[in-house]
Structure formats: C-alpha cells, structure tokens
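Descriptive analysis of the structure
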Amino acid sequence: FEALVDADRFLDDLFLHALVLDDGEGEVALVAADLCQIGTALYQEMAAAVERRCGIGVERCFVVSSHTHNGPALSNIEIDDRVIAADYVALLPDWVATTVAKAQERKRPARLEVGRGENGRHAFNRRLRRPDGTIVMNWHDKRRIGELDPAGPIDPEVAVLRVSAVDGGEPLAFVVNHALHNNAAYPGTAISADFSGVLAETLRRVYGPEVVTLFLPGAMGDVNWIDHRHDQDRAVLYEQIGISLAGTVLALEGALAPVPDPALAVERALLSVPERPWDERDLTEPDVFRLDQPQDPARSPFYLAHHRWLASGSPPPASYDLDIRALRLGEGVALVTNQSEFFVELGLELKRRSPFPVTFLATLTNGNAGYVPTQRAFAEGGYEVKKYPDNSFLAVDAGDRIVEASLELLAQLGPERPGR
C-alpha cells in the first residue's frame, strides 16, 4: 500500500485491537484497526475469516478503521498511481481472525461501565465561511483565512465504555468514541497510528500492558485538529491530542456507571443509495488544495477523475448497499455504525434523536462509503462535496437516509431488553 511503500520512518506501531463480548446467548466481535480505511470487499473477507475461525456471524463482526492517514489506505478501488501491496492485503483477513480468536481465548467474567466526558480542545470544524457564504477549508494559509468563522459545529463528546474484570475490578479494555479526524501525525511519510495510538499507549502505561483500547472515530467528516487562528507544532501535535483524550478517559474514573441489564442484540440493514451524477463544480479545484497558486483546471484531481470516467465510456450512476448496524449493549446503551466519513451535523442529529440515552456512533465501520456531507454543504461547496471515486460519490441526500435508517434500527432494538 502507498503508505508503506513511501514511508521513510516509523513513529509508532500499527495494531489490530479486538474485544469479544459474550452475554451467554451469543458473541459480538469489535475490531479497531490502525488503517486509514477498509474497502467494503476487504471487510467482507475479514468478517468471513472471523466466522470460519471463531464462529461469530458476519452480522456480529464489526471492523472499524481508525482513519490514521499514516497507515494503509485500503480503498474499494485502485485510483491514480497508488501502489497496493497485494501480499499485505491478503494477510489481513487472517490477522483479523487471529486477533479475534485471541480475544475469545482471553474471555473472563467482566462488567461494563459507561460514561461521557467532553474534550473540544483539539477539534475544529474545518469548513470556514467567507462573507459571501462560500466555503474555504481551514488548511490554507492562516494569513488568508485567520478572521473567518467555522461554518459548522463540532461534537466535543468523548463516550467511554470500560470493560472491567469482576474478580479484582482492573480494566481489561476501553472503547473510546470521539468525532475527530485521526490525521494529525507529521510527516505524512512516517508510519503512525496517530493520536489514537498515543491514546492506547497512554492507557496501557496507566493500567498495564494488557489493556486493550479501541478507538472508534465518530462523525468527523468535517472536523479536524487544525486551529486556523493559531500556529501549531505538528511534530508533537498528535501526541498532545492522544494524551489529552486519555486524560478525558482518566477523568471519568469513578464517574462511570454500570451498564444496566447488559444483553447483546444486533440489527442490520443494507441501505440502497444511488451514486450522484457529475456536476460542473466537480471539474475544478477552487479553494480546495492550492488556494495560493494559479489554478489549472486540467490538473485538478477532480477533473482527472471525471476524465477517467469519460474514457471508460461514461457508465451510468451505480447504486450502493450501505451497511448500517446497531448494537445494543444494555439498557439505554447502544452503538450505531455506518461506513462513511459522516458530517458532524448528521452525527449530532442522530445522537439527539436516538432512543438510547448513551449512543456510541462509529463511522468508517465495515467498509468505506466516502464522505457523506449535509445537503446544505453541497449548496455551499468545499472539498468534501466534490465528486471523486471512493472519496465522495453518494447522492446528496445520503446523510439524511443514513440518519433515518440508523434511528429505525435503534428503535427496533429498543432502549430496554428486547421482549420486555
């Protein structure tokens, strides 16, 4: 894959982290992978390998990519001149199955505790609004954009699930859910799990080397760590973010509440969403990557993607079956997942309307569906709304469809034990 081929150093190791939950009626496997993204077909191979080796059904196997940009980007398709290390990709399903099997072997009686903290210190909505209402991204020259305000909110919530041993009470695992792009590590030519790796390592130092931490990226499609009004030291920023998030988890010590009536149940839907057609705005690159350089439309990656589409015979828009799932952990506590880089506004709405008082929302889970912005964002412009294969391609109303489908699954689970 491209990251390994071009890498010139290691900042920290990449891991697969697995948690197997068993309520006596069945098991659920949660896997957090230090990968930028996982193609849907590759996820299906992973889940099939877990089912063969561990006996956990595909619908009960959740694989989440941490979205580190300093790790493998294993997309649904090969584009441009990316180099894919086929041998590495072929090993991944077995590695995932082996990791889940090891978690199965280490199962012991445990209790679940849940809590929510807040940490908005490093989260910024990356879409900035100009006076004329148009959008510029927050990664441009601070001298040009320093006085602009964000066009949307952030979600400062840090949701934490702690799995603790019944005999002794020491923590066995943490599940940490936060809406922030996991791509702060610098430089891009280094291998790193980014701030989620620092989070996991910090909790291991506190609680022991066997503690497993699964980072679940929330609705972070338009949220990153770039403070466009102040300078930042990129050499240490990812470490600062990871330690800061670990501090939020540690601050919840003693405030975590037992998950009432823990019992597992899963609902799944394949939501059919069409591809959106090409738009004239997709063919240029204004204010996306090279704000301060002369713009040649013919060199825009979006223009080139459109050119490849034309060269392939202009196939009609496809339709995609998005994998949406909801997992009930106990009374009032659930996890809902989708495959996209979901905009934070959509995630906030989903959690606000959820029938579960504590709702974990994991994105980039069980495949990859690219960016899913709000309908308003499509009207405003910006990076995430430009069509590009595997990166942003779904219908304009895909976000609303995912919200409604997710809420329907949560309603089917019910905040209490099914059958009560």
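Just above, that's the structure.
Our subject in this report is the structure included herewith. Remember, predicted model here, so these are calculated numbers, not experimental data.

Side note on the sheet that holds strand β15 (residues 212-217)
- What the five strands build is an open sheet, ordered β15-β13-β12-β7-β17; its pairing is mixed. Sheet topology places β15 and β17 (257-258) at the edges, where each strand pairs with a single neighbour.
- Taken strand by strand, helix α5 (residues 195-207) contacts β12 (157-165), β13 (171-178) and β15, and its axis lies near 150° from that of β15.

Regarding the sheet that holds strand β3 (residues 27-33)
- Taken together, three strands build an open sheet; the order of strands is β2-β3-β5 and the sheet is mixed. Taken across any chain shown, the strands that pair with only one partner, and hence form the sheet edges, are β2 (16-22) and β5 (61-65). Across the sheet, the axes of successive neighbouring strands diverge by a mean angle of 15°, strand direction being ignored.
- Where β2 and β3 come together, seven bridges link them in antiparallel fashion. Bridging across to β3, Ala18 finds its partner in Val31.
- Sheet contacts for helix α3 (residues 86-105): β2 and β3; angle to β2, the most-contacted strand, approximately 45°.

Thoughts on α5
- With 13 residues, α5 extends 18 Å between its outermost C-alpha atoms, agreeing within 8% with the 18 Å of an ideal straight helix rising 1.5 Å per residue.
- Among all positions of α5, only Phe195, Ser196, Gly197, Val198, Leu199, Ala200, Thr202, Leu203 and Arg204 are buried.
- Taken together, the buried residues of α5 touch β2, β13, β15 and α6 (234-251).
- Positive phi shows up at Gly208, right after α5, with a value of about 115°.

Looking at the pattern of salt bridges
- All told, the structure shown has 29 salt bridges when counted by the stated rule.
- Arg9 serves as the salt-bridge partner of Asp8, at 3.1 Å between the closest nitrogen and oxygen.
- For Arg9, a relative accessible area of 43% translates into the label partly exposed.
- A salt bridge links Asp323 to Arg325; the shortest N-O distance between them is 2.9 Å.
- A network of salt bridges, in which partner residues are shared, links Arg126, Arg127, Arg129, Arg376, Glu380 and Glu384.

Section: the side chain of Asn338
- Assignment of secondary structure puts Asn338 in the loop between β20 (333-337) and β21 (341-342).
- A distance of 2.9 Å separates a polar atom in the side chain of Asn338 from a polar atom in the side chain of Ser340.
- Apart from the residues within four sequence positions on either side, Asn338 is in contact with Asp323, Ile324, Leu361, Ala362, Thr363, Leu364, Thr365 and Ile402.

Criteria and thresholds
- Residues numbered from 1 in each chain as written.
- Predicted model: local features only at pLDDT ≥ 70, side-chain atom pairs only at ≥ 80, totals over all residues.
- Heavy atoms only, no water.
- Pairing = 2+ DSSP bridges.
- Helix = DSSP H or I, 4+ residues; strand = E, 2+ residues; numbered from the N terminus.
- Contact = heavy atoms within 4.5 Å.
- Axes fitted to C-alpha atoms, helices over the stretch in contact; angles between N-to-C directions.
- Expected span 1.5 Å × (residues − 1).
- Buried < 20%, exposed > 50% of the residue type's maximum accessible area, 1.4 Å probe, protein only.
- Salt bridge = Lys/Arg side-chain N within 4 Å of Asp/Glu carboxyl O.
- Polar contact = N/O pair within 3.5 Å; in protein donor to acceptor, adjacent residues only side chain to side chain.

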